[in-house]
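Fold and contact review
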Amino acid sequence: MSTGGGPASAVDRLLEQLERSRALGFLGPGPVHDHVDHAQGFLDALEGVEGIVIDLGSGGGVPGLVVGILRPDLRLVLLESAAKRVDFLEAAVGALG
């Protein structure tokens, strides 16, 4: 995933939020870029899909936040039961616009 030029691109902001997710212990092992690359695989499954998509158990934001940035045409619902993760996701969505 390229970060493009200019001030704080959407991808740069996404990576910042995922680093924050990692710091909170919401992402598994490995570099954040690996999580993003894995999440991009969901885009193939969403080819041709329109409307609302639900990420069940959104946790630390993967794949939901990644799909949201790369497919802004979709309305994404992030569903999570853990309050701390919901707080993180709400803040991340706000930061990502």
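Scope of this entry: the structure provided in the associated data block.

Rules behind the numbers
- As a convention, each chain's residues are numbered from 1 in the sequence order in which they are written.
- Whole-chain, interface and lining totals are the exception, using all residues; otherwise, since this is a predicted model, local features are given only for residues with pLDDT of at least 70 and side-chain atom pairs are given and counted only at 80 or more.
- By convention in this description, side-chain values take in all heavy atoms of the structure and omit both hydrogens and water.
- In this description a helix means any DSSP run of H or I spanning at least four residues, a strand means any run of E spanning at least two, and both kinds are numbered starting from the N terminus.
- Only C-alpha atoms enter the radius of gyration, while the globule expectation follows 2.2 Å times N to the 0.38, with N the number of residues.
- Only protein chains enter the accessibility calculation, which uses a 1.4 Å probe. A residue is then buried if its area is under 20% of the maximum for its type, exposed if over 50%, and partly exposed in between.
- Only heavy atoms enter the contact rule, under which two residues are in contact if any of them lie within 4.5 Å.
- Reported accessibility uses the Shrake-Rupley method at a 1.4 Å probe radius. Residues are deemed covered only where the shown protein chains occlude them.
- Charged residues are defined narrowly, with Lys and Arg counted positive, Asp and Glu counted negative, and His plus the chain ends left uncounted.
- By convention, charge coordinates are those of NZ in Lys, CZ in Arg, CG in Asp, or CD in Glu.
- Salt bridge, as used here: a side-chain nitrogen of Lys or Arg that lies within 4 Å of a carboxyl oxygen of Asp or Glu.
- Paired strands are those between which DSSP finds at least two bridges.

Secondary structure assignment for the chain yields five helices and two strands. The linear arrangement of helices and strands in the chain, starting from the amino end, is α-α-α-β-α-β-α. The C-alpha atoms of the chain give a radius of gyration of 13 Å, which matches the 13 Å a tight globule of 97 residues would have. Each principal axis of the C-alpha distribution contributes one length, and for the chain these read about 35 × 35 × 25 Å. The buried share of the chain, taken over its 97 residues, is 34%. When contacts within the chain are restricted to residue pairs at least 6 apart in sequence, long-range pairs at least 24 apart make up 55% of them. As presented, the chain carries roughly 5,500 Å² of accessible surface, and 56% of it is formed by carbon and sulfur atoms. Here the chain carries 7 positive and 13 negative side-chain charges, and the mean point of each set is 7 Å from the other.

Turning our eyes to something else, we now look at the pattern of salt bridges. With the rule as written, the count across this model stands at one salt bridge. D73 is the salt-bridge partner of R71, the closest N and O atoms lying 2.7 Å from each other. For D73, a relative accessible area of 51% puts it in the exposed group.

Another point: the pairing of strand β1 (residues 52-56). Within a regular strand, side chains alternate between the sheet's two faces. Only one face of β1 is buried, namely the one carrying V53 and D55, since none of I52, I54 and L56 on the opposite face is buried. Sheet analysis places β1 next to strand β2 (residues 75-79), joined by five bridges and oriented parallel. Looking across to β2, one finds that I54 is bridged to V77.

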